[in-house]
Amino acid sequence: MCAIEAGKRGRRVALLEHADRLGKKILISGGGRCNFTNIHCQPENFLSSNPHFVRSALARYTPADFIALVEKHRIPYHEKTLGQLFCDRSARDILQMLEQECREAGVEIFLNAKIAEVSRDAEFAVRSTTAEFRASALVVATGGLSIPKIGATAFGYDLARKFGLKIREPRPGLVPLVFTAEDRERYCDLPGVSLEVTASANGQQFREKMLITHRGLSGPAILQISSYWEKPGAIGIDIAPGSSVTGVFVEPAVQRNLAVLRGEMRKTVPARFGERWLELHAPEGWTNSALATFEKQVHAWNVIPAGTEGFEKAEVTTGGVDTDELSAKTMECRKVRGLFFIGEVVDVTGQLGGFNFQWAWASGAAAGRAV
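Residues numbered from 1 in each chain as written. Predicted model: local features only at pLDDT ≥ 70, side-chain atom pairs only at ≥ 80, totals over all residues. Heavy atoms only, no water.

Time to look at the sheet that holds strand E9 (residues 132-135). In spatial order, the strands read E7-E8-E9; together these three strands make up an open sheet with antiparallel pairing. Two strands close off the open sheet at either side, each with one partner strand: strand E7 (115-120) and E9. Here the strands of the sheet are splayed against their neighbours by 15 degrees on average, with no regard to which way each runs. Of the strand pairs in this sheet, E7 and strand E8 (residues 124-128) are connected by five bridges, and their pairing is antiparallel. Its bridge partner lying in E8, Val118 is registered against Val126. (Pairing = 2+ DSSP bridges. Helix = DSSP H or I, 4+ residues; strand = E, 2+ residues; numbered from the N terminus. Axes fitted to C-alpha atoms, helices over the stretch in contact; angles between N-to-C directions.)

Following this line, the structure appears as structure tokens:
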């Protein structure tokens, strides 16, 4: 995106890609369909040490701007849920669109460009194993540490440190959580069981699906809250949001026993999970007080994860180049003229649902219009 915008302004642009093809992360995103933006994108959908940093770039390149580009290339798409837009066919459509825009903007693309050294005197010099490039502006769009098997590295952070910039500690974000040994014993023989929950941590909450795995918890609600969770803190999980599983017992004619409670649980959660919950958290009696305690537990399951599944399974990286080091309007370093950082390498992390792509497009456009 940055290369396209710079090329359209008549700049001579070299795009250096260390992989053997462009856009590997685009191709695997959204289950191969690429959740390319979210129509409800707001600054509040992003996690950063400076929550206001994203405002300028997001306001100047909006989801509507990217949708216009998609429609210009006649790419069919649809809204899935919660404003998430996906390709009807394949993520390859988005990649081909960006490649075509690069060609039309005169961008030169160099694949397998393994960078050996970056230096700066009067201008920037970038030496790869096969060539040297010199330019007055250098844009770093090297992403985070997530999914190393497709080529993620710490290159961008190392380069930022070399030029004296601060880094906020990178951590896995949008990542499955791992149970303690005790909770694994209790729940991990229920892999594949899925239920709607509200997950909360550090003042954030998300109501979406949760999935039990062989090692812990996943699904959209858990991926979302994982970006906000900090070890050794707890995550609160409401397994029956908006429902009362003991409300039926206010009727005098209703018998107060496990069979009735089991039936009520089944109306709200999958049978296997409900059975396990009752085995582990059966009410201590059938008094109003005991049932109120049971109800409270249902809406406040306190889980203390042992950790996450790490960068291998994380969709994004939280942390990165400190936003205090950059101009929010152009993404240029305050200390080093002509050096820009954009996308996931920066300490800006979107929630699940197309927000990280929108940050890529918006921060890329901001830099491309400034170089």
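Here the narrative resumes.
Right, let's get into the environment of Ala292. Of note, Ala292 is situated in helix H11 (residues 288-298). As a C-alpha pair, Ala292 and Glu251 span 41 residues in sequence and 15 Å in three-dimensional space.

Scanning the model with the defined rule gives 23 salt bridges in all. One salt bridge connects Glu275 with Arg262, and the closest N-O pair in it is separated by 2.8 Å. With Glu275 in helix H10 (residues 271-281) and Arg262 in helix H9 (residues 258-268), this residue pair connects regions lying 13 residues apart in the sequence. For Glu275, a relative accessible area of 24% puts it in the partly exposed group. Residue classification places Arg262 among the partly exposed positions, given a relative accessible area of 26%. The network of salt bridges with shared partners includes Asp121, Glu123, Glu132 and Arg134. (Salt bridge = Lys/Arg side-chain N within 4 Å of Asp/Glu carboxyl O. Buried < 20%, exposed > 50% of the residue type's maximum accessible area, 1.4 Å probe, protein only.)

Within the structure shown, the criterion is met by 17 aromatic pairs. Both rings, one in Tyr187 and one in Trp301, keep their centres 4.9 Å apart while their planes meet at 55 degrees; by these two values the pair is tilted. Note that Tyr187 is positioned in helix H7 (residues 181-187) and Trp301 in strand E17 (residues 301-303), a separation of 114 residues in sequence. Both residues of the pair, Tyr187 and Trp301, count as buried. Ring geometry for Trp277 versus Trp301: centroids 5.6 Å apart, planes at 80 degrees, classification edge-to-face. Of the two residues, Trp277 sits in helix H10 while Trp301 sits in strand E17, which places them 24 residues apart along the sequence. Using a relative accessible area of 0% as the deciding quantity, one classes Trp277 as buried. For Trp301, a relative accessible area of 6% corresponds to the buried category. The ring of Phe86 has Lys80 sitting right over it, with the charged end atom 4.8 Å from the ring centre. (Phe/Tyr/Trp six-rings, centres within 6.5 Å; stacked < 30°, edge-to-face > 60°. Lys NZ or Arg CZ within 6 Å of the ring centre and 35° of its normal.)

Another point: the packing of H9 against H10. Axis angle and axis distance: for two packed helices, these are the angle between their axes and the distance between the axes, and together they describe the pair. Contact geometry for H9 and H10: axes closest at 9 Å, N-to-C directions at 135 degrees. When the axis of H9 is compared with that of H10, the two are oblique. Considering only the axes of H9 and H10, their crossing is right-handed. Judged by residue contacts, Leu258, Leu261, Arg262, Met265 and Arg266 of H9 engage Ala271, Gly274, Glu275, Trp277 and Leu278 from H10. Split by residue class, the contact of H9 with H10 holds six nonpolar, one polar and three charged. (Parallel < 35°, antiparallel > 145°, perpendicular 65-115°, else oblique. Left-handed = near helix turned anticlockwise from the far one by under 90°. Contact = heavy atoms within 4.5 Å. Nonpolar A, V, L, I, M, F, W, Y, C, P; charged D, E, K, R; others polar.)

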